[in-house]
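# Structural characterization, general
Listed below are the residues making up each chain.
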Amino acid sequence: MIIDFTLNGKPESLTVPAEKRLPDILREDFKLTMTSTGCRRGECGVCLVLLNGRPVSSCLIPAFRLRGNSILTIEGFQDNPEYFDIIQGFLIGNYEPCEHCLSSRILAVHALLEVNLRPTEQEIIENVAFINCRCTDFSSLCAGIAEAGRLKEARSHGR
Amino acid sequence: MGASGKHLSLVQVHYPKNLPALLAFYQKNPRSLICAGGTSLLQSPVWNAPKETIQDVISLSQIPELTHISRTESYIEVGAAAPISQILGIGRHVLSAALESALTRVANGAVRNLATLGGSLAFSDRWLSLVPVLLLLDVRLELRRQSGGEWVPIAKFLERHPLFRPGEMLTRIRIPLEEWNVQHFQIYKSHAFGPLNQLSWCALAQAEKGYLERFRMAVGAPAGLIIRNRELENTVSGKKLPLSLKELAPLQEQLQQTLENVQPRLSFIQKQLMTRTTYWFLLRYLTDLWEDLP
C-alpha cells in the first residue's frame, strides 16, 4: 500500500506492506539506523520515536498507522538546538547513556521538557527511566535532565 | 514480522472517516480486524498467524468521535480509541485514584501513548490490568452496530460469549465519578511469580459517620479471569468502624470459600496473593488504622 506521512519534517510517500513495522521501515526504506531495536513488544522502549510529538515504541507501529502522521527520529532531531541542550545537559550532569538507548533517551527527554522544564523524579521515572537499559544510573539521569532543562530555559529566555 | 513473510501483501487497510462509515463497513465485513492503538492487535495470534486470504484491517485513527473525551458532573465519557495517556491527562483530581493507579501501571509511557481503553476491554487476554477497577467503578460500555446501539454495564459485557456480535463494536466508555474514601489498586507482575501467576487486585471503600457504607473488591488474573464476590462485599458493608480482628475472621473464611469456587483456575501463588492483599487492606484501612485516614 502507499503511505503518505511526514518523516523528520519532510513529507514522504512510501509503497510498503501494510504490516511492516516502523523500525524496519526506518532502517530498510530510509536508511535511518540510529533508532535501536529491542524486544519488539513495546516493553523495553529502546526503539522510541516521536509520533506527532509524543514518545511511542516504534516496534508497535505498523506501516498503515503512519498514514497522515508525523514521525521524528533522532536523525531528524539532531539539527535542533534542543538536541544540544540535552546532550550538553547530560554531559554536565555526568550522565552518559550507551549507544543502545541514547537516541530513545534523548527523544524521551525532549518530549518531557516540552511539557515541563523542571520535571519531578516521578515524571522522570514515568517518561524516561522506563527505557530498559542497564547502562543508566538514575541519579545522574535526573541530574542530566535537570541541566538540560536549565539550558533550554536559559536559551528560550535568550540568555 | 516486519519485512518477512509471503503473506504481507494480503493485508488490506481501510480508513473510515467517521462513525457511520465505520459501522457500515464493519457490518458488511464483520471479520475485519479493528486497529485503534495497535498494541493489542500486533501481539494477537490472529494478526501474527500466516494469512491465506485477504485480511481486512480497519484503522480507527481518523475517526474523531472515538478519541473524544468529555465530562459531566457525574461521569467521564471516553472514546474507545482514546490513548491511555490522554485519559491520564484528565488529571488526578478528576479520575478515581484506583483507576489512575491502574492506568499508570499499563506498560510504559511510550506504550500508553498508543494503547487504548477500548483495546484493554476488547481483548480478554488484556483484562488483567484495568478491568477489575472498571468493574468496581460500574463502568458502562456503548456497543454500536449499524442498526443501533446500547449501553451495557461492564459486568454484563464480561459475561458475554463472544464479547461482540457480528458487526458490533465498542465505541464509548462511561466512567461514573463516585466518591470513595479509600481506593487501592495493586498489580503483581513480578518475575518472582512468573507470567501465569500475575494478579491484579482492587478495592474501594466508602465510610460515613463511622460506618462502612460500601465496600467493593475485585481480582483479575491472566486469561480473562475476573473475580468479584458480592456476598463478601455485603458482609463487610454496613459494619461499624473500626472493624475488630474478631470480625475479620469470618471474612477470611468467606474469601477462602470464594477461592475454592474458582480453584481450578487460580494457582497457589495467586490465592496467596489474593488472600494476603485482602487481609492487608482490611487491616490497613478498616481496623485500628481507620482514623489515620486523611
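Residues numbered from 1 in each chain as written. Chains lettered and ligands numbered in written order. Predicted model: local features only at pLDDT ≥ 70, side-chain atom pairs only at ≥ 80, totals over all residues. Heavy atoms only, no water.

## A short note on the pairing of strand β11 (residues 211-221) of chain B
All names here are of chain B. Heads up, the rule is: Residue burial is assigned from relative accessible area. The probe radius is 1.4 Å, only protein chains are included, and a residue is buried under 20% of its type maximum, exposed over 50%, and partly exposed in between. Runs of H or I in DSSP of at least four residues are treated as helices and runs of E of at least two as strands, each being numbered from the N terminus. Following DSSP output, two strands are said to pair if at least two bridges run between them.
For β11, the buried fraction is high: 8 of the 11 residues fall into the buried class. Judged from the 9 bridges that link them, strand β10 (residues 199-208) and β11 form a sheet pairing that is antiparallel. Note on β11: the bridge partner recorded for Leu204 is Arg216. Between the antiparallel neighbours β10 and β11 lie 2 residues, among them Lys209 with a positive phi of about 50°. Summarising the sheet, β11 and strand β12 (residues 225-228) pair through 4 bridges and their orientation is antiparallel. Along β12, the bridge assignment pairs Gly220 with Ile226. Counted between consecutive antiparallel strands, the loop separating β11 from β12 contains 3 residues, among which Ala223 sits at a positive phi close to 65°.

## Focus on the nonpolar core
Note that soluble globular proteins tend to have their nonpolar side chains buried in a common cluster. All names here are of chain B. Spelled out, the test is: Nonpolar cores are built from buried Ala, Val, Leu, Ile, Met, Phe, Trp, Tyr and Cys residues. Side-chain atoms within 4.5 Å join them into one set. Residue contacts follow a heavy-atom distance rule, with two residues in contact if any of their heavy atoms lie within 4.5 Å.
Among the nonpolar cores identified, the biggest contains 77 residues, and Leu103, Leu117, Leu121 and Ile173 are the most heavily contacted of them. Once you skip the residues sitting within four places of it in the chain, Leu103 turns out to touch Ile84, Ile87, Leu88, Leu95, Arg112, Leu117 and Leu130. Core analysis: the second largest hydrophobic core is formed by 29 residues, Val182, Ala207, Phe215 and Leu266 among them.

## Things to note about the sheet that holds β11 of chain B
All names here are of chain B. Selection criterion: Here the axes come from fitting lines to C-alpha atoms, over the contacting stretch only for helices, and the angles between their N-to-C directions go from 0 to 180 degrees.
Strand order in the open sheet formed by 4 strands is β9-β10-β11-β12, and the pairing between neighbours is antiparallel. Edge strands, defined here as strands with exactly one partner in the open sheet, are β9 (182-188) and β12. Ignoring strand direction, the axes of neighbouring strands in this sheet form an average angle of 10°. Packing of helix α11 (residues 268-286) onto the sheet brings it into contact with β9, β10, β11 and β12, and relative to β10 it is tilted by some 20°.

## Thoughts on the environment of Ile87 of chain B
Residues and elements named next belong to chain B. Here Ile87 shows up in helix α3 (residues 84-88). In this structure Ile87 comes out as buried when scored by relative accessible area, which is 0%. Distance from Ile87 to Phe164, taken between C-alpha atoms, is 24 Å for residues 77 residues apart in sequence. When neighbours within four sequence positions are excluded, Ile87 is seen to be in contact with Ile69, Val78, Ala82, Leu95, Leu103 and Leu117.

## Points about the interface of chain B and chain A
Rule in force here: The term buried area means the drop in 1.4 Å probe accessible area that two parts suffer when joined, counted for both and summed. By salt bridge we mean one thing: a side-chain nitrogen of Lys or Arg within 4 Å of a carboxyl oxygen of Asp or Glu. What qualifies as a polar contact is a pair of N or O atoms within 3.5 Å, subject to a donor-acceptor requirement within protein and to the restriction that residues adjacent in sequence count only when both atoms come from side chains. Residue type decides the class: Asp, Glu, Lys and Arg count as charged, Ala, Val, Leu, Ile, Met, Phe, Trp, Tyr, Cys and Pro as nonpolar, and the leftover types, Gly among them, as polar.
The partner chain A presents 28 residues to the 31 residues of chain B that form the contact. Taking both partners together, chain B and chain A bury about 2,400 Å²; carbon and sulfur atoms supply 57% of that area. Counting the surface chain B buries against chain A, the share from its top three residues, Tyr15, Leu42 and Leu114 of chain B, is 23%. At the junction of chain B with chain A, the criterion picks out 0 salt bridges. The interface formed by chain B and chain A holds 9 residue pairs in polar contact (both at pLDDT 80 or more) in total. Taken together, the elements giving at least two residues each to the side of chain B that touches chain A come down to β1 (11-14), α2 (45-48), β3 (55-59) and α5 (109-112) of chain B. Among the elements that take part in the side of chain B that touches chain A, α5 of chain B stands out by supplying 4 residues, more than any other. Split by residue class, the side of chain B that touches chain A holds 14 nonpolar, 13 polar and 4 charged.

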